[in-house]
Amino acid sequence: MLEPAQENPFPDSHVLGEGPEPHPQLQPVLGLIGRWHGRGSGEYPTLEHGFRYEQEISFSHDGRPFLVYESRAWLIDGSGTAVRPAGRESGWWRILPDASVEVTLAHPTGIVETYVGRVSGTEIEMATDTVGLTPRAKEVTGMRRRYALQDGGLTIVQEMAAVGQPMQHHLQARLFPRKD
């Protein structure tokens, strides 16, 4: 007979000062750790209209030199009422000793991206190194992202090259820390 499993002794922490100590290599990105929520807008030439959305992002760690990342978004109408689920992605941000960053993200739509980039002060810039697609995934050939911590918030700008279009602006959001 098997012994009952114990609770995970190495939980992730999204609150500094609780859980494991952050790995020293996370120092350049400690400001990201936590839960974020806010609004954004998007557009792309293949879409008839632009759109507005809300987004939740979580960055956590387990004491090793990477962040666990999860993002969920949903479309909203002009009055801010939720319309339907939108983008979702999860993955890991590995922070290296020279403040470079390697990121792996997976989307439920059959897209897997690897990014390389750099932390510079309160900004992180990254671009895709590779994009993997399942046979029925939408064609995405490249992405660029910029995350900036400023004035107590997190600004995210995303560019995309997809479905025959060149790299260009796609999303911009402003998020603020959640207290829950």
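Provided above is the structure to which this section pertains.
As the structure is a computational prediction, the values presented were derived from the model and not from experiment.

Some details on unusual backbone geometry
Glycine aside, the phi torsion of most residues is negative, and most peptide linkages are trans.
Alright, step 1. For Ala99, which is not glycine, the phi dihedral falls at a positive 70 degrees.
Alright, step 2. On the secondary structure map, Ala99 appears in the loop between β4 (82-95) and β5 (100-106).
Alright, step 3. Its relative accessible area of 17% is what places Ala99 among the buried residues.
Alright, step 4. At Asp151, a position not held by glycine, the phi torsion is positive, near 50 degrees.
Alright, step 5. Inspection of the secondary structure puts Asp151 in the loop between β8 (140-150) and β9 (153-162).
Alright, step 6. Overall, the relative accessible area of 74% leaves Asp151 in the exposed class.

Looking at the pattern of salt bridges
Alright, step 1. Counted under the stated rule, the structure contains nine salt bridges.
Alright, step 2. The closest approach of N and O atoms between Arg146 and Glu123, which form a salt bridge, is 3.9 Å. Within this pair, whereas Arg146 is found in strand β8, its partner Glu123 is found in strand β7 (residues 123-133), the two being separated by 23 residues in sequence.
Alright, step 3. What makes Arg146 partly exposed here is its relative accessible area of 26%.
Alright, step 4. A network of salt bridges, in which partner residues are shared, links Glu89, Glu113 and Arg145.

Here is what the cut-offs are and how they apply
Residues numbered from 1 in each chain as written. Predicted model: local features only at pLDDT ≥ 70, side-chain atom pairs only at ≥ 80, totals over all residues. Heavy atoms only, no water. Helix = DSSP H or I, 4+ residues; strand = E, 2+ residues; numbered from the N terminus. Buried < 20%, exposed > 50% of the residue type's maximum accessible area, 1.4 Å probe, protein only. Salt bridge = Lys/Arg side-chain N within 4 Å of Asp/Glu carboxyl O.

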